[in-house]
Amino acid sequence: DAGVIQSPRHEVTEMGQEVTLRCKPISGHDYLFWYRQTMMRGLELLIYFNNNVPIDDSGMPEDRFSAKMPNASFSTLKIQPSEPRDSAVYFCASSRAGAGGYNEQFFGPGTRLTVL
Amino acid sequence: AQSVTQLDSHVSVSEGTPVLLRCNYSSSYSPSLFWYVQHPNKGLQLLLKYTSAATLVKGINGFEAEFKKSETSFHLTKPSAHMSDAAEYFCVVSEEDGNKLVFGAGTILRVKS
């Protein structure tokens, strides 16, 4: 398996532009997570989906952020309009439901976003 | 709410010496705890996990961690550090639903030759 795939790996944009980050989870996984990593705040969960349905978006910072999962193999995280404080590494992770409560999350390589 | 505190932001050891990365947790229920490792410009990889079975957990690459409920600790250890262990390590607790993860601030491990 190729693992979780994220694109692009690096994105540089100007303030006010729309940014779309993409994620392909591991085949057969039914949970998908979006995280943001910054020096100031560390790793934060933004939103997660189960069977393509958003379950918890309490970590989404504000209305400028939106996430979708139109099918089991694709998700997007969109920022519109982008601001310099959105500069961070964004990780996507996926997991498969199993017995015993915890389901190991597999992380993608991340997208490094720089907003100028 | 669950939380973890990593007691050291940076740890420096010499190659071949033991590694100790400290983590304390706070949880209102019996927690699931994990250590993840992040190498530079890479994603996160699960090192080991504790899910209420044996309190001494063995992970990949010779790492292990011991769950101590009385001390609310889950320290990560390795008998002998290798240069390839240089990375950032995260102690993590899961929320009760088993899906939401709460990450510690991270400990950067430096291994000197």
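A few points on the structure. (Residues numbered from 1 in each chain as written. Chains lettered and ligands numbered in written order. Predicted model: local features only at pLDDT ≥ 70, side-chain atom pairs only at ≥ 80, totals over all residues. Heavy atoms only, no water.)

### Considerations on the side chain of A:Thr13
Residue and element names in this part refer to chain A.
Then step 1. By secondary structure assignment, the location of Thr13 is in strand S2 (residues 10-13).
Then step 2. Here Thr13 falls in the buried class, since its relative accessible area comes to 9%.
Then step 3. Setting aside anything within four residues of it in sequence, one finds Thr13 in contact with Val19, Ser82, Leu113, Thr114, Val115 and Leu116. (Helix = DSSP H or I, 4+ residues; strand = E, 2+ residues; numbered from the N terminus. Buried < 20%, exposed > 50% of the residue type's maximum accessible area, 1.4 Å probe, protein only. Contact = heavy atoms within 4.5 Å.)

### Some words on the state of the cysteines
Residue and element names in this part refer to chain B.
Then step 1. Applying the stated rule across the entire model yields two disulfides over all chains.
Then step 2. Each sulfur of the disulfide joining Cys23 and Cys91 lies 2.0 Å from the other. As the torsion about the S-S bond is roughly -70 degrees, the Cys23-Cys91 disulfide counts as left-handed. Of this pair, Cys23 sits in strand S4 (residues 23-26) while Cys91 sits in strand S10 (residues 87-94), placing them 68 residues apart in sequence.
Then step 3. Look at Cys91 and you get buried, because its relative accessible area is 0%. (Disulfide = S-S within 2.5 Å.)

### Considerations on unusual backbone geometry
Then step 1. Looking along the chain, the bond that leaves A:Ser7 and enters A:Pro8 is cis, with omega of -10 degrees.
Then step 2. Omega for the bond connecting A:Gln80 with A:Pro81 falls within 30 degrees of zero, at -10 degrees, which places this linkage in the cis form.
Then step 3. Of note in this structure, B:Asn61 is not a glycine but carries a positive phi near 60 degrees.
Then step 4. By secondary structure assignment, the location of B:Asn61 is in the loop between strand S7 (56-58) and strand S8 (64-68).

### Considering the packing of aromatic side chains
Then step 1. Enumeration over the complete set of coordinates arrives at 15 aromatic pairs over all chains.
Then step 2. Taking 6.3 Å as the distance between ring centres and 15 degrees as the angle between the ring planes, the aromatic pair formed by A:Tyr31 and A:Phe33 counts as stacked. The same class applies to A:Tyr31 as to A:Phe33, namely buried.
Then step 3. A centroid spacing of 5.6 Å and a plane angle of 25 degrees characterise the contact between B:Tyr25 and B:Phe67, whose relative ring orientation is stacked. Residue B:Tyr25 is found in strand S4, and its partner B:Phe67 is found in strand S8; the two are separated by 42 residues along the sequence. Just as B:Tyr25 is buried, B:Phe67 falls in that class too.
Then step 4. Feature note: the residues A:Tyr31, A:Phe33, A:Tyr35, A:Tyr48, A:Phe91, A:Phe107, B:Tyr36, B:Phe90 and B:Phe103 constitute an aromatic cluster, connected by ring pairs. (Phe/Tyr/Trp six-rings, centres within 6.5 Å; stacked < 30°, edge-to-face > 60°.)

### A closer look at the interface of chain B and chain A
Many structure descriptions define interface size as the accessible area lost when the parts assemble.
Then step 1. Across the boundary between the two partners, chain B contributes 19 residues, which contact 20 residues of chain A.
Then step 2. Carbon and sulfur atoms supply 53% of the area buried between chain B and chain A, which totals about 1600 Å² over both sides.
Then step 3. Summed over the shared surface of chain B and chain A, the number is one salt bridge.
Then step 4. Between A:Asp56 and B:Lys100 there is a salt bridge, and its shortest N-O distance comes to 2.8 Å.
Then step 5. At the surface where chain B touches chain A, the tally comes to four residue pairs in polar contact (both at pLDDT 80 or more). (Buried area = accessible area lost by both parts, 1.4 Å probe. Salt bridge = Lys/Arg side-chain N within 4 Å of Asp/Glu carboxyl O. Polar contact = N/O pair within 3.5 Å; in protein donor to acceptor, adjacent residues only side chain to side chain.)

### A word on the environment of A:Ala67
Residues and elements named next belong to chain A.
Then step 1. Position of Ala67 among the secondary structure elements: in strand S7 (residues 65-71).
Then step 2. Note: C-alpha distance between Ala67 and Trp34 (33 residues apart in sequence) is 8.7 Å.
Then step 3. With sequence-adjacent residues up to four places away left out, Ala67 is seen in contact with Trp34, Ile47, Phe49, Met60, Thr76 and Leu77.

### Some details on the nonpolar core
Then step 1. In terms of nonpolar packing, the biggest core is built from 26 residues, with B:Trp35, B:Leu48, B:Phe74, B:Leu76 and B:Tyr89 touching the most fellow members.
Then step 2. No other element matches the four residues that S10(B) contributes to this core.
Then step 3. Listed in part, the 21 residues of the second largest apolar core include A:Ile47, A:Ala67, A:Leu77 and A:Cys92. (Core = buried A, V, L, I, M, F, W, Y, C linked by side-chain atoms within 4.5 Å.)

### Describing the environment of A:Glu44
Residues and elements named next belong to chain A.
Then step 1. Mapped onto the elements, Glu44 comes out in strand S5 (residues 42-50).
Then step 2. Considering only alpha carbons, one finds Glu44 and Tyr90, 46 residues apart in sequence, at a separation of 9.5 Å.
Then step 3. Leaving out residues up to four positions away in the same chain, Glu44 has contacts with Trp34, Tyr35 and Arg36.
Then step 4. Here the side chain of Glu44 touches Arg41 through a polar contact of 2.7 Å, side chain to side chain.

Honestly, that's just the spatial picture; any functional story needs more than this.
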